[in-house]
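So the chains spell out like this:
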Amino acid sequence: MEKSFSFQTHLLHNKWKMDEETGAVSVPIQHASTFHQFDFDTFGKYDYSRCGNPTREALEDTIAELEGGVRGFAFSSGMAAISTAFLLLSKGDHVLITEDVYGGTYRVVTDVLSRFGIEYTFVDMTNLHEVACNIRPNTKVIYLETPSNPLLKITDIRGVVKLAKAHGCLTFLDNTFSTPALQRPLELGVDVVLHSATKFLAGHSDVVAGLAVVRDEQLGKKLYQLQNAFGAVLGVQDAWLVLRGLKTLHVRLHYASQSAMKIAQFLTKHPKVEEVYYPGLSNHPGHAIHRNQADGFGAVLSFRLADEDAVRTFVQHVKIPVFAVSLGAVESILSYPAKMSHAAMPKKEREKRGITDGLLRLSVGLEAAEDLIADFEHALSYVGEKHFA
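Cut-offs and rules
All residue numbers here refer to positions counted from 1 along the written sequence of the relevant chain. It should be noted that, the model being predicted, local features are given only for residues of pLDDT at least 70 and side-chain atom pairs only at 80 or more, the latter also being counted only at that level, while totals for whole chains, interfaces and linings use all residues. Side-chain numbers come from the whole structure's heavy atoms, not from hydrogens or water. Labels follow the DSSP assignment, with helices taken as runs of H or I lasting at least four residues and strands as runs of E lasting at least two, numbered in each case from the N terminus. Based on C-alpha atoms, the radius of gyration is set beside the globule rule, defined as 2.2 Å times the residue count to the power 0.38. Working rule for contacts: check all heavy atoms of both residues, and any pair within 4.5 Å makes them a contact. Stacked, tilted and edge-to-face are the three classes applied to pairs of Phe, Tyr and Trp rings, where Trp contributes its six-membered ring and a pair requires centres within 6.5 Å; stacked means planes under 30 degrees apart, edge-to-face means over 60, and tilted covers the rest. We call a residue buried when its accessible area falls under 20% of the maximum for its residue type, exposed when it is over 50%, and partly exposed in between, using a 1.4 Å probe and counting protein chains only. Any Lys NZ or Arg CZ that is within 6 Å of a ring centre and within 35 degrees of that ring's normal is treated as a charge sitting over the ring. By convention in these notes, a salt bridge is any Lys or Arg side-chain nitrogen within 4 Å of a carboxyl oxygen on Asp or Glu. Paired strands, as defined in this entry, are two strands with at least two bridges between them according to DSSP. Helix axes are fitted to C-alpha atoms over the stretch in contact, other axes to C-alpha atoms as well, and angles between N-to-C directions run from 0 to 180 degrees. Note on convention: near helix rotated counterclockwise from far helix by under a right angle means a left-handed crossing. Clockwise means right-handed. Three classes are used, and their members are as follows: Ala, Val, Leu, Ile, Met, Phe, Trp, Tyr, Cys and Pro are nonpolar, Asp, Glu, Lys and Arg are charged, and the others, Gly among them, are polar.

(A) Layout of the overall build of the protein chain. Broken down by element type, the protein chain carries 14 helices and 12 strands. Its C-alpha atoms give the protein chain a radius of gyration of 21 Å, near enough to 21 Å, the size a compact globule of 389 residues would have. Taken along its principal axes, the extent of the C-alpha atoms in the protein chain is 75 × 50 × 35 Å. Contacts spanning at least 24 positions in sequence make up 71% of the contacts within the protein chain whose residues lie at least 6 apart.

This is the structure in structure tokens:
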């Protein structure tokens, strides 16, 4: 990597900007599942595509470089990346995890890891004292998600890393909302960075993929063994789609983040919106911390209406965003966490975390912010009067 290059330039001008053999300015898609070995005693770099593939390797090397890590891994989904990373744990180990976490992560921790004798504790990770008090002698991993999904809570990454190192714990961080364009956790001491590359990295709602990056060679070897053994690797066509999406990551995320700020400010002032969750707002509890550890506030925000009826009315009348699972695409996506991203979380647990039946999450796309605001204003005009407790 050229040290003088900015992040956006490096997205285009890196080791994989052209094929050295042909000069092609697009990474070749190598569909081969197996590779001929020319030497009986010494096999070549590739033998079977589960173990390694040139196209997947291009993506793995690229994300490692962008995150500032030593090794990257591409998986068949974000949950495949997260689940494989959790396989670094063993029976009797304990994981400390942020309470405001993606529903799929909650499910794999509570329904799967628990079956293998791995203990867990959910904590409010915005409170470092609570984190410190819940670290046990058998705690092996502290799992962060910042900004969190769906309430955009902010965790002090440096603070948690310091606690983890003092107790010999690894730190995992889901960086899906920010991407390395805005936040590079490995530079702050995190051990494993995880992504649903389906979202902003690929960015076009046409691929499902997961990525992981490590900052330590030995940890990289362990994670590679698990990737190879577990086998949930990313297909080459999807790897190529993520590589293509990465080329426009900076411009997409920069534009969408600017729009997200405008929309958050609009919603904050609207009488039918009870609360807005966006770290770019100066009154957000994590605003200062996020500014200190990231280069921007991102393109995802959440807002709360009075109740489910208000949400139903709003969704019926809004025109521009698609109403769907997922985020991070060129089109704006409106999601209802209670029935979508966090449906796997029991209602009692959702409500305890503030994920109410009136909560909506918005991933801002590339439409004009003015059009989205006008659309939202129109839809909100149909919502009943704000309820007061």
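That covers the picture; the talk isn't over yet.
(B) Structural view of the packing of aromatic side chains. The full count for this structure, using the stated rule, is eight aromatic pairs. Judged by centre distance (5.8 Å) and plane angle (80 degrees), the ring pair of F303 and F314 falls under edge-to-face. Of the two residues, F303 sits in strand β9 (residues 300–304) while F314 sits in helix α12 (residues 308–317), which places them 11 residues apart along the sequence. Here F303 matches F314 in class, with each residue buried. Aromatic pair F303 and F376: ring centres 6.1 Å apart, planes at 50 degrees, arrangement tilted. A residue pair is termed long-range when its members are at least 10 positions apart, and F303 in strand β9 and F376 in helix α14 (residues 369–380) qualify at 73 residues. Accessibility assignment for this pair places F303 and F376 in one class, buried. Members of the aromatic cluster, each reached through a chain of ring pairs, are F86, Y143 and F172. Over the ring of F122 we find R353, and its NZ or CZ is 5.0 Å from the ring centre.

(C) Here's a closer look at the pattern of salt bridges. Under the counting rule described, the total for this entry stands at 16 salt bridges. Between K45 and E57 there is a salt bridge, with its nearest N and O atoms 2.7 Å apart. Of this pair, K45 sits in the loop between α1 (7–10) and α2 (54–67) while E57 is found in helix α2, placing the two residues 12 residues apart along the sequence. E57 gets classed as buried once you look at its relative accessible area, which sits at 17%. The residue K262 makes a salt bridge to E370 at a minimum N-O spacing of 3.9 Å. Of this pair, K262 sits in helix α10 (residues 249–269) while E370 is found in helix α14, placing the two residues 108 residues apart along the sequence. Owing to a relative accessible area of 41%, K262 belongs among the partly exposed residues under this scheme. The class for E370 is exposed, based on a relative accessible area of 51%. Among the charged side chains, a salt-bridge network with shared partners connects R184, E187 and D295.

(D) Quick peek at the sheet that holds strand β5 (residues 170–174). In spatial order, the strands read β1-β7-β6-β5-β4-β2-β3; together these seven strands make up an open sheet with mixed pairing. Edge positions in the open sheet fall to β1 (71–75) and β3 (119–123), since each of these has one partner strand only. Across the sheet, the mean angle from the axis of one strand to that of its neighbour is 20 degrees, orientation sign disregarded. Relative to β1, α2 is tilted by about 130 degrees, and along the sheet it contacts β1, β6 (192–196) and β7 (210–214).

(E) Seen up close, the packing of α2 against helix α9 (residues 236–246). Here α2 crosses α9 at 35 degrees, and the two axes come no closer than 8 Å. The element α2 and its partner α9 pack so that their crossing is left-handed. Contacts between α2 and α9 involve T55, R56, A58, L59, T62 and L66 from the first element and V236, A239, W240, V242, L243 and L246 from the second. When the residues that make up the contact of α2 with α9 are grouped by side-chain class, the tally is nine nonpolar, two polar and one charged.

Everything listed here is a matter of geometry and, on its own, says nothing about what the molecule does.
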